[in-house]
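Here's the letter readout for the chains.
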Amino acid sequence: MPLDEQSFATQIEDLAATFGFRHFHNLWSPGSDYGFPDYVLVNPEKQRILFVEIKGTRGMITAEQAYWLEDLMEAKQEVWVWWPEDFDNIAGILRRERR
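Below, the structure is looked at part by part. This is a predicted model, so every value here is computed, not measured.

## Looking at the pattern of salt bridges
Within this structure, the stated rule accounts for two salt bridges. The salt bridge partner of Glu 78 is Arg 48, with a shortest N-O separation of 2.5 Å. Taken as a pair, Glu 78 in strand β4 (residues 78-82) and Arg 48 in strand β3 (residues 48-54) lie far apart in primary sequence, 30 residues in all. For the pair Glu 78 and Arg 48, a shared accessibility class is recorded, and that class is buried. Of the charged contacts, one joins Glu 53 and Lys 55 as a salt bridge, the two residues approaching to 3.5 Å between their closest N and O atoms.

Below you can see the structure in the form of C-alpha cells.
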C-alpha cells in the first residue's frame, strides 16, 4: 500500500529527532511563497541545516518547488527530496557529519 505524505512526514520527524535534528514544518501557510520545502532540519552540533521536500509514494515536484530547491542549491545549502522508498538512505544522510 502506498505511504501517504503525512505518514511519511511523521516518520521523518521521528528519525530526525533520533539524530539530534530540530525541525520546522509549516502546517498552515496562507500568504507564504508557494513551493518552499516542507522541512528545515537543524543540528547545531553537526553544523548542518537541511532543506527537505517530502513526497508520498506517488508525489511529484511542482515547478514552484523546483525553483526553491534550485535557488537553495545555488546558495550552497544542503537540499533533499525524499520519497518513502528512500527511508533507509535517509537515516544515513542524517547520521553523517557535515558535508
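## Describing the sheet that holds strand β1 (residues 22-24)
Read from one edge of the open sheet, four strands run β1-β2-β3-β4, paired in mixed fashion. Sheet topology places β1 and β4 at the edges, where each strand pairs with a single neighbour. For this sheet the average axis-to-axis angle between neighbouring strands, irrespective of direction, equals 25°. Its contacts with the sheet place helix α1 (residues 5-18) against β1, β2 (39-43), β3 and β4, and it is angled at close to 165° to β3. Sheet strands in contact with helix α2 (residues 63-74) are β3 and β4, and its direction is about 150° off that of β4.

Reading guide: rules and limits
- Residues numbered from 1 in each chain as written.
- Predicted model: local features only at pLDDT ≥ 70, side-chain atom pairs only at ≥ 80, totals over all residues.
- Heavy atoms only, no water.
- Salt bridge = Lys/Arg side-chain N within 4 Å of Asp/Glu carboxyl O.
- Helix = DSSP H or I, 4+ residues; strand = E, 2+ residues; numbered from the N terminus.
- Buried < 20%, exposed > 50% of the residue type's maximum accessible area, 1.4 Å probe, protein only.
- Pairing = 2+ DSSP bridges.
- Axes fitted to C-alpha atoms, helices over the stretch in contact; angles between N-to-C directions.
- Contact = heavy atoms within 4.5 Å.

Purely geometric numbers; function is a separate question.
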